[in-house]
Amino acid sequence: MRLRPMPDEHAPIKRLVIFGATGDLAERMMFPSLYFLDADRLLPDDFTIVGAARSALDHAAFLALVRAAVEARPEGVDEGVWERFSARLRYCQADVSKPDGLSGLAAGGAVDIPTIYYLALSPSLYGAVCGALDKAGLACGDCRIVMEKPIGHDLATSRAINAEVASVFEENRVFRIDHYLGKETVQNLIALRFANTFFEPLWNNLAIDHVQITVAETEGVGDRWGYYDEYGALRDMVQNHMMQLLCLLAMEPPADAGADSVRDEKVKVLKSMRPFSRASAQQLSVRGQYRGGVVDGKAAAAYEEEKGGQSDTETFVALRADIDNWRWAGVPFYLRTGKRLAERRTQIVIQFKPLPHSIFGPQAQEDLMANRLVIDLQPKEDISLLLMNRRPGLSAQRLQALPLSLTLPSGGRRRIAYERLLLDVLACNPALFVRRDEVELAWAWVDGVAAAWREAGLPPKPYAAGSWGPAGAFALLERSGRAWLDE
Ligand code: BG6
């Protein structure tokens with residue numbers, strides 16, 4: 001391997017190149033996020049944003065595309081900000097499959113510019129892009145690379161991509177995005193756990209009965225069918241977003257909030273996850289695929305009808321994950337995610353154990369509910385603690401549940417997760433990005449689930465669009481006397 005000069009993390013970044021600039025992710029997330037950062041004057045003065053893609057677009061067409069992306073946001077466009085922002089925009093036709101496909105980026109000797117390369121592309125191209133950047137002399141020591149999930153389709157492909165990238169960019173220049181880590185509410189999880197004393201003594205198998213993590217979407221797969229059908233809910237959502245949430249909930253207190261301290265603790269959780277087997281796959285997991293139905297009052301087509309193809313891909317998964325360590329032995333983590341479900345909801349429920357003994361009479365006994373902490377991440381943002389109270393009045397002792405909201409209204413605009421993440425790449429702060437070993441351990445566990453499904457011959461069960469998934473998802477909890485929190 002060629003020796004590279006040590007990168008200077010304080011080197012001022014001069015440009016951002018977005019590969020895949022005409023794609024959906026760039027339009028929905030990147031351009032609006034960059035615009036908002038510019039509106040808040042958080043981009044360096046002499047910073048250019050280069051859209052790179054295979055299409056031949058002229059400057060005016062590119063500006064129109066970016067403008068439409070910003071206009072699609074409810075906040076609208078401020079002409080003053082747009083003037084400043086649009087002056088930063090360039091377009092460059094680029095094709096990594098051609099020998100001189102990146103020559104436009106190197107035009108005018110622009111090779112030593114400290115640049116962030118953002119790959120909003122199919123992961124199968126990540127290696128090729130890095131190779132092409134290196135060959136064109138564009139991967140200077142101060143350059144950084146940002147990669148979207150999923151990194152690979154399984155452990156083997158993920159390792160291969162990571163190795164190709166590592167042959168060009170050192171790990172401290174690689175930013176693997178999991179946009180859930182940029183969400184304000186996910187950040188708040190860390191504050192909730194580690195900025196309060198009273199949760200920690202209860203945060204274990206002595207006090208907690210089980211944990212539920214739900215990421216429910218009402219949207220179908222639509223235009224992303226081609227990508228999604230290859231991945232399914234397990235690889236698209238569980239391997240990354242849901243396992244990151246699980247890690248933040250389950251990890252030990254890190255020594256500090258530094259990137260590696262937190263990532264080391266997440267890695268320990270991933271190493272403690274019990275692998276699935278053929279037998280456990282049937283007991284502990286459910287795959288589903290949506291059929292036609294009604295979502296938000298509108299008729300919704302079946303998954304297979306969206307592209308008219310027969311498919312064994314799951315659009316829903318529910319499973320029980322076990323973390324085999326001292327803190328969590330015996331505490332199931334139930335994960336559930338799916339497309340075309342009844343409601344959009346990302347929610348974590350920490351269900352505490354019931355009272356060891358009740359001193360109350362039979363009537364109050366019926367009122368009793370175990371304490372629980374409910375963390376709503378989106379669309380509602382709220383943390384509430386369910387506590388039991390006395391029902392006021394002269395009658396015999398009766399109890400009632402009081403959901404105590406622990407959230408203050410934030411007032412401001414809800415930021416796009418990418419705004420924070422882009423700012424962190426600019427500041428070369430890797431804390432909210434996923435380290436190579438984390439990605440690979442998560443794949444190793446997910447590969448085990450996929451292999452167990454294959455061996456057990458577990459087909460996706462149909463569920464009606466607009467429902468909460470197949471019946472098996474309820475049975476998964478009912479078998480142990482538990483239930484999803486669905487109200
Ligand atoms: C993406 C998945 O990573 O996350 C999508 O590929 C999913 O399938 C999306 O819809 C959900 O993100 P959010 O922020 O809308 O919950």
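Keep in mind that what you see is a predicted model, and the values were worked out from it rather than measured.

Draft legend 1. View of the sheet that holds strand E2 (residues 48-53). One open sheet holds the six strands; their spatial order is E3-E2-E1-E4-E5-E6, and the pairing between them is parallel. Each end of this open sheet is capped by a strand with a single partner; those strands are strand E3 (89-93) and strand E6 (174-176). The average undirected angle you get between the axes of adjacent strands in this sheet is 20 degrees. Bridge count for strand E5 (residues 144-147) against E6 is three bridges, and the pairing is parallel. Following the sheet pairing, Ile145 is matched in E6 by Val174. Across the sheet, helix H2 (residues 59-71) touches E2 and E3, and the angle it forms with E3 is around 120 degrees.

Draft legend 2. The packing of helix H7 (residues 225-250) against helix H8 (residues 259-271), seen in detail. At their nearest, the axes of H7 and H8 sit 9 Å apart, and the two run at 105 degrees to each other. Here H7 lies roughly perpendicular to H8, going by the angle between them. Between H7 and H8, the residues in contact are Met243, Gln244, Leu246, Cys247, Leu248 and Ala250 and Lys266, Val269 and Leu270, respectively. Taken together, the residues of the contact of H7 with H8 break down into seven nonpolar, one polar and one charged.

Draft legend 3. Layout of helix H4 (residues 126-135). Regarding H4, the residues found buried are Tyr126, Gly127, Val129, Cys130, Ala132 and Leu133. With its phi angle positive at about 75 degrees, Gly137 sits one or two positions after the end of H4.

Draft legend 4. Representation of the pattern of salt bridges within the structure. A full pass over the atoms with the stated rule returns 39 salt bridges. Salt bridges sharing partners connect three or more residues here, namely Asp40, Arg73, Glu75, Arg413, Arg415 and Glu419.

Draft legend 5. The environment of Gln397, seen in detail. By the element assignment, Gln397 lies in the loop between strand E14 (382-390) and strand E15 (399-405). For the pair formed by Gln397 and Gln363, sequence separation is 34 residues and the distance between their alpha carbons is 8.0 Å. Once residues lying within four places of it in the same chain are set aside, the contact partners of Gln397 are Phe360, Ala364 and Arg390. In terms of polar contacts, Gln397 uses its side chain to reach the side chain of Arg390, at 2.6 Å.

Draft legend 6. Spatial organisation of the packing of helix H5 (residues 155-166) against helix H13 (residues 436-456). Where H5 meets H13, the closest approach of the two axes is 9 Å, and the angle between their N-to-C directions is 165 degrees. Considering their axes alone, H5 and H13 lie roughly antiparallel with respect to each other. Where H5 crosses over H13, the two elements pack in a sense that is right-handed. Of H13, the residues touching H5 (which contributes Leu155, Ser158, Arg159, Asn162, Ala163 and Ala166) are Arg436, Val439, Glu440, Trp443, Ala444 and Asp447. Here the residues of the contact of H5 with H13 are counted per class, giving six nonpolar, two polar and four charged.

Draft legend 7. Quick peek at the site of the ligand. Residues in contact with the ligand, as listed here, are Lys149, His179, Tyr180, Lys183, Glu217, Arg224, Asp236, Met237, His241, Lys339, Arg344 and Gln378. At 2.7 Å, a side-chain N or O of His241 approaches an oxygen atom of the ligand. Note that an oxygen atom of the ligand is positioned 3.1 Å from one of the side-chain N or O atoms of Arg344. Here the ligand loses 82% of its free accessible area of 400 Å² to cover by the protein chains. Ranked by the residues each element gives to the shell around the ligand, the list is headed by H7, at three residues. Here the residues of the shell around the ligand sort into two nonpolar, three polar and seven charged.

Cut-off values and rules
Residues numbered from 1 in each chain as written. Predicted model: local features only at pLDDT ≥ 70, side-chain atom pairs only at ≥ 80, totals over all residues. Heavy atoms only, no water. Pairing = 2+ DSSP bridges. Helix = DSSP H or I, 4+ residues; strand = E, 2+ residues; numbered from the N terminus. Axes fitted to C-alpha atoms, helices over the stretch in contact; angles between N-to-C directions. Contact = heavy atoms within 4.5 Å. Parallel < 35°, antiparallel > 145°, perpendicular 65-115°, else oblique. Nonpolar A, V, L, I, M, F, W, Y, C, P; charged D, E, K, R; others polar. Buried < 20%, exposed > 50% of the residue type's maximum accessible area, 1.4 Å probe, protein only. Salt bridge = Lys/Arg side-chain N within 4 Å of Asp/Glu carboxyl O. Polar contact = N/O pair within 3.5 Å; in protein donor to acceptor, adjacent residues only side chain to side chain. Left-handed = near helix turned anticlockwise from the far one by under 90°. Near = heavy atom within 4 Å. Areas by Shrake-Rupley, 256 points an atom, 1.4 Å probe, with all protein chains shown as cover.

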